[in-house]
Amino acid sequence: MYGSEDLELNRRHLMAGASACAVATACPSTAWAAAENKSDPVMSKVSFTVNGMAHEVDIDTRTTLLDAVREHLHLTGAKKGCDHGQCGACTMIVDGRRINSCLTLAVMHHGDAITTIEGLGKPGDLHPMQAAFVKHDGYQCGFCTPGQICSGVAVLDEIKAGIPSHVTVDLTANAVITTDEIRERMSGNICRCGAYSNIIDAMTEVAGRQA
Amino acid sequence: MKSFTYERATSPAEAAASVMRVPGAKFIAGGTNLLDLMKLQVETPTHLVDVNGLDLDTIEPTEDGGLRIGALVRNTDLAADLRVRRGYGVLSRALLSGASGQLRNKATTAGNLLQRTRCPYFYDTAQPCNKRQPGSGCSAIGGISRQLSVVGASEACIATHPGDMAVAMRVLDANVETVNDKGDTRRIPIAEFHRLPGGTPQIETSLQPGELITAVTLPKPVAGMHVYRKVRDRASYAFALISIAGIVQRDGTGRIAVGGVAPKPWRDEAAEAELPKGAKIATERLFAGAKPTHDNAYKLKLTERALGAVLSEARA
Ligand SMILES: Cc1cc2nc3c(=O)[nH]c(=O)nc-3n(C[C@H](O)[C@H](O)[C@H](O)COP(=O)(O)OP(=O)(O)OC[C@H]3O[C@@H](n4cnc5c(N)ncnc54)[C@H](O)[C@@H]3O)c2cc1C
Ligand code: SF4
Ligand code: FES
Ligand code: FES
């Protein structure tokens, strides 16, 4: 508990913070009330675009990006496998980069452009990576698949952008797309069904088409 | 997860001041370690100061021919920077051997240095752990200690610093630059940045409360074979059992730091002087005073063999 004097100070600080955040609307309005009783949820507004659509949500600061997208926007393509950054099922592409959406807070993504599996393509209008996964049987149960496909798309971009990997032999040269490179770069996406070799086939085909 | 208030910092000193002002406040950068621990209530901050908006995400040359790496530079960007790949290969290699592509896209330079141990008991709030709850005891001593320290530990804690990047930073003689709430800056040599546990394993670095890391600087590049050899349970996406960061010359001289064996990247200049005599003698010296457990004594031999491989690669 804060003394009343501390609380005054903190309120003033909050006001200063609020004006500094005129653009960033995620400054929690109930911030210090919650500091008095730590079990109370603290709500905060945040806006971002998901698959090209603008959204504003008023959420508990504890909400991960994954939960915001699944539970608040009802886009359930991205999956929660482990919730600890260990499986890749929750992979989304944020401002062009793949991340684990379970290990980041929604409030930290104000103004960001987020792409989930739903945004890559849809039935009848599949992304080339989605089509290649279908063609090569890049899944069995399908639980890891949205994450695998988002990761797969980003991996090919990373290689094109010249980002090296653990298996790149010459650090000063640009990596080329090989099975070893794909395997290493996809290691953050676990598949309990073991569809790995078909996933590599799908990615190799898309990479070949892109080249 | 315990609830917390959230704020976006707009300047480094203001970020430091916010963390000083609110009891139980913490910085958050990539969030990949802090949020993981918050979900388990190993970490329970009352207030998060998001530093991602700070202008600390560039890599710039320094006057003495080195590099200044902003605290917010992502692990992917640091590993991929051409100056780093050409002049500091050991650093690129160490970064690329860590975590996954998704995690490296988020993880920051400062957050990586400050990542906490992977001791299984530290993660399990039902077990005693001096690091998590000072004075409660250490479950790892006499428990499962396969991954833990063989050297530099104490009766209170045998956890390791689990990261890869810091091991390369140690061999490169990096410096950590910081700012506090009053705007004072200082430079901490990486050798003094991580602390040995002694009787206070909860204190892991020489940072003061509220002190914000702004950058890590590297001296000018050192020639030689840059290598990062990481030995782990699977070929990718796993923490090191042991790792060796080295800059080694053809005559077998050089520098090495070892990861996964101690509470901090383990480097000993006296052991380095023995490198030309071979891996066995150098490793014996490096591990002088080591107190391995039954479960992790294998790390001594594993380090010697990995170092042997590094030295023969350099001579080839
Ligand atoms: C599944 C998994 C596997 C992993 N494998 C590896 C591996 O093989 N090798 C490896 O090295 N790492 C590995 N990691 C750890 C990963 O590297 C770290 O989580 C990451 O580097 C932390 O950086 P961050 O920016 O996300 O830190 P955060 O989680 O944001 O912060 C970590 C700590 O640093 C503090 N902090 C952040 N920025 C600053 C600053 N500027 N000044 C002062 N304090 C600050 C925070 O308050 C917090 O206490 C793995 C992680 C996961 C989840
Ligand atoms: S080794 Fe350290 S972190 Fe692990 S249980 Fe003991 S005190 Fe805790
Ligand atoms: S749910 Fe995010 S990595 Fe497993
Ligand atoms: S398809 Fe079942 S987990 Fe990958």
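Relevant structure appears above.
Participant: Would you mind showing me how to read the overall build of chain A here?
Facilitator: Assigned secondary structure in chain A consists of eight helices and five strands. The order of helices and strands in chain A, counted from the N terminus, is α-α-β-β-α-β-β-β-α-α-α-α-α. Residues counted as buried form 51% of the 211 residues belonging to chain A. Within chain A, contacts between residues at least 6 apart in sequence are counted, and of these 51% link residues at least 24 apart. With an accessible surface of roughly 9,700 Å², chain A has 54% of that area assigned to carbon and sulfur atoms.

Participant: Please clarify how the site of ligand 1 should be interpreted in this entry.
Facilitator: Taken together, 33 residues form the shell around ligand 1, and within it B:F27, B:G31, B:T32, B:T108 and B:D164 come nearest. Near ligand 1, the surrounding residues are drawn from chains A and B. Within the contact set of ligand 1, an oxygen atom lies 2.6 Å away from a backbone nitrogen or oxygen of B:F27. At 2.8 Å from an oxygen atom of ligand 1 is found a main-chain nitrogen or oxygen belonging to B:A29. Notes on ligand 1: free accessible area 980 Å², of which the protein chains cover 95%. Tallied by class, residues from the shell around ligand 1 come to 15 nonpolar, 13 polar and five charged.

Participant: Looking at this structure, I do not really get helix α5 (residues 128–136) of chain A. What am I missing?
Facilitator: Residues spaced three or four apart along an α-helix point in a common direction, a consequence of the helix completing one turn every 3.6 residues. Residue and element names in this part refer to chain A. Taken together, the buried positions of α5 are M129, Q130, A132 and F133. Each buried residue of α5 lies within a common arc of 165° when the element is viewed along its axis, so the set occupies one face. Where α5 is buried, its residues meet α4 (117–120), α6 (145–160) and α8 (196–210). Downstream of α5 by a residue or two, D137 has a phi angle that is positive, lying close to 55°.

Participant: I'm lost on helix α3 (residues 65–72) of chain A in this one. Help?
Facilitator: Residues and elements named next belong to chain A. With six of eight residues buried, α3 lies mostly within the body of the structure. Here α3 has its buried residues at L65, L66, D67, A68, V69 and R70. Looking at the buried positions of α3, the neighbouring elements they touch are β1 (43–50), β3 (91–94), β4 (97–100) and β5 (113–115).

Participant: Would you mind showing me how to read the sheet that holds strand β8 (residues 212–218) of chain B here?
Facilitator: Sheet strands pair via backbone hydrogen bonds, and the direction of the pair is either parallel or antiparallel. Residues and elements named next belong to chain B. With antiparallel pairing, the five strands of this open sheet are ordered in space as β4-β5-β8-β6-β7. The sheet terminates laterally at β4 (59–61) and β7 (185–189), the two strands that pair on one side only. This sheet shows a mean twist of 25° between the axes of neighbouring strands, independent of strand direction. Both strand β5 (residues 67–70) and β8 contribute to a ladder of four bridges, which runs antiparallel. By the bridge assignment for β8, R68 is matched with T217.

Participant: Can you walk me through the pattern of salt bridges in this structure?
Facilitator: Pairing between side chains of opposite charge can happen when their charged atoms approach one another. All names here are of chain B. One pass over the full model with this rule turns up 32 salt bridges over all chains. A salt bridge links R267 to E269; its shortest N-O distance comes to 3.8 Å. The exposure class of E269 is partly exposed, given its relative accessible area of 43%. For E304, the salt bridge goes to K301, with nearest N and O atoms at 3.7 Å. One end of the pair, E304, and the other, K301, are both in helix α13 (residues 298–315), three residues apart, so they sit about a helical turn from each other. Classification of E304 by relative accessible area gives buried; the value is 18%. Taking the relative accessible area as the measure of exposure, K301 reaches 39% and is therefore partly exposed.

About the criteria used
Residues numbered from 1 in each chain as written. Chains lettered and ligands numbered in written order. Predicted model: local features only at pLDDT ≥ 70, side-chain atom pairs only at ≥ 80, totals over all residues. Heavy atoms only, no water. Helix = DSSP H or I, 4+ residues; strand = E, 2+ residues; numbered from the N terminus. Buried < 20%, exposed > 50% of the residue type's maximum accessible area, 1.4 Å probe, protein only. Contact = heavy atoms within 4.5 Å. Areas by Shrake-Rupley, 256 points an atom, 1.4 Å probe, with all protein chains shown as cover. Near = heavy atom within 4 Å. Polar contact = N/O pair within 3.5 Å; in protein donor to acceptor, adjacent residues only side chain to side chain. Nonpolar A, V, L, I, M, F, W, Y, C, P; charged D, E, K, R; others polar. Arc of directions from axis to C-beta. Pairing = 2+ DSSP bridges. Axes fitted to C-alpha atoms, helices over the stretch in contact; angles between N-to-C directions. Salt bridge = Lys/Arg side-chain N within 4 Å of Asp/Glu carboxyl O.

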